[in-house]
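# Close look at the chain arrangement
The primary structure of each chain is shown beneath.
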Amino acid sequence: MIFSEITSDLQAQLKSNLPQIRILLKKNPAMAYTKITEIGFAVGRKYKIQPIVNFPQRGKIEDFDSYGMQDLSIIIDRQKKTSQSSAAS
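Residues numbered from 1 in each chain as written. Predicted model: local features only at pLDDT ≥ 70, side-chain atom pairs only at ≥ 80, totals over all residues. Heavy atoms only, no water.

### A look at the overall build of the protein
Helices and strands together make up the secondary structure of the protein, namely three helices and two strands. A fraction of 53% describes how many contacts in the protein between residues 6 or more apart in sequence connect residues 24 or more apart. (Helix = DSSP H or I, 4+ residues; strand = E, 2+ residues; numbered from the N terminus. Contact = heavy atoms within 4.5 Å.)

Structure (structure tokens):
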């Protein structure tokens, strides 16, 4: 799994859904964000990760060209707990 492959896939999926995202954004920005998140989860399933597109600044959701290129979080395994085993010395 290569990070650039994941982000390219995410960008392609977001771009192909851009007309629907734009319509949702005009009607209800929260629904547009939900759709973007769903697309990220769908892409992530292929790679066993969870990419999340963030919009930390007001109005950033309208910067369509930056989708999947900026403000991207990737969660590898939410459920995994780190275990520290102590080896007998």
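### Digging into helix 2 (residues 18-27)
Considered for burial, the residues of helix 2 that qualify are Leu-18, Ile-21, Leu-24 and Leu-25. Looking straight down helix 2, one finds its buried side chains confined to an arc of 120°; they lie on one side. Set apart from the buried face of helix 2 by more than 90 degrees, the exposed residues are Pro-19, Lys-26 and Lys-27. Elements in contact with the buried residues of helix 2: helix 1 (3-16) and helix 3 (29-47). (Buried < 20%, exposed > 50% of the residue type's maximum accessible area, 1.4 Å probe, protein only. Arc of directions from axis to C-beta.)

Geometric descriptors of this kind do not, in isolation, establish any biological role.
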